[in-house]
Every structure is written in structure tokens, then in C-alpha cells.
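Chains, contacts and geometry: an overview
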Amino acid sequence: MDRKLLDILCCPATKQPLAVLNKAELKALNEAIAAGNLKRVDGSLQSAPLKEGLITRDHQTIYRIEDGIPVLLSDEGIATAPIPGFPR
């Protein structure tokens, strides 16, 4: 992701800065998705694994990046609390 773009992006709900998910975070997230029970904030199931994503500074919410475009919709965020073993 372009550093200049990342510098201006923020969480739509909390206005916290965002960072790119690291490998350990992405692995834990995709394992939870593969288990088939990870839901977005709006209650819809997140069924497709992520290739990359953004996370809030407090490590509470993840946003998908699809085809290089961040999906910064509050309802489509993924809470990290239900992800077993998610790095903090």
C-alpha cells in the first residue's frame, strides 16, 4: 500500500490511524475465517480469506483491502476480539 495513502487513512468509526496487517495478524485472521465463524460488524459472515488488510492502532478492528482498495465501511470492519490467538 502506498505510504502517502496510508498516512491519510483512518478508521471511519474511531478516527484512529490505520496500519497494514503484519504476517502474524493476517495468519490468525485467515485461520479464523477458514474456521467459518468470523463475522463482520454488520453480522455478515467473512468467508473469503484476506490477502491484506488494515488494522486500527488499538488492534480492535480490521478493514479489508480488495484489489488494492481499502474497504473503510464501519459495518464491514472485522472485530479482533473473537479471533483466537490474535496478536496484540
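Look a little higher up for the structure.
**Focus: the nonpolar core**
If you look at the biggest cluster of nonpolar residues, it comprises 13 residues, and the most contacted ones within it are Leu21, Leu29, Leu38, Leu50, Ile62, Ile83 and Phe86. If we skip the residues at most four places from it in the chain, Ile83 touches Ala28, Leu29, Ala32, Leu38 and Ile62. Counting seven residues, the second largest nonpolar core, distinct from the first, contains Leu6, Leu9, Cys11 and Leu18.

**Considering the environment of Ala48**
Residue placement: Ala48 occurs in the loop between helix H2 (23-35) and strand E2 (53-56). Relative accessible area serves as the criterion here: at 39%, Ala48 is assigned to the partly exposed category. On a C-alpha basis, the gap between Ala48 and Val20 in space is 18 Å, while along the polypeptide they are 28 residues apart.

**Section: a nonpolar patch on the surface**
Together, Met1, Leu5, Ile8 and Val20 give the surface a local cluster of nonpolar side chains, amounting to about 340 Å² of exposed area. Relative to the elements of secondary structure, Ile8 occurs in helix H1 (residues 3-8). Residue classification places Ile8 among the exposed positions, given a relative accessible area of 67%.

**Some remarks on the state of the cysteines**
The tally for this structure, following the rule as stated, stands at zero disulfides. Note on Cys10: no disulfide assigned, nearest cysteine sulfur contributed by Cys11 at a separation of 7.2 Å. What makes Cys10 partly exposed here is its relative accessible area of 30%.

**Re the pattern of salt bridges**
Within the structure shown, the criterion is met by four salt bridges. For Arg64, the salt bridge is made with Glu66, and the minimal N-O distance between the two is 2.7 Å. On the basis of relative accessibility, which here comes to 6%, the residue Arg64 falls in the buried class. Salt-bridge contacts for Arg64 lead to Glu76; the nearest nitrogen and oxygen are separated by 2.8 Å. Note that Arg64 is positioned in strand E3 (residues 61-66) and Glu76 in the loop between strand E4 (69-70) and strand E5 (78-79), a separation of 12 residues in sequence. Overlapping salt bridges, with partners in common, bring together Arg40, Arg64, Glu66 and Glu76 in one network.

Thresholds applied
Residues numbered from 1 in each chain as written. Predicted model: local features only at pLDDT ≥ 70, side-chain atom pairs only at ≥ 80, totals over all residues. Heavy atoms only, no water. Core = buried A, V, L, I, M, F, W, Y, C linked by side-chain atoms within 4.5 Å. Buried < 20%, exposed > 50% of the residue type's maximum accessible area, 1.4 Å probe, protein only. Contact = heavy atoms within 4.5 Å. Helix = DSSP H or I, 4+ residues; strand = E, 2+ residues; numbered from the N terminus. Patch = residues over 30% accessible without salt bridge, like charges linked within 9 Å, V, L, I, M, F, W, Y side chains within 5 Å. Areas by Shrake-Rupley, 256 points an atom, 1.4 Å probe, with all protein chains shown as cover. Salt bridge = Lys/Arg side-chain N within 4 Å of Asp/Glu carboxyl O. Disulfide = S-S within 2.5 Å.

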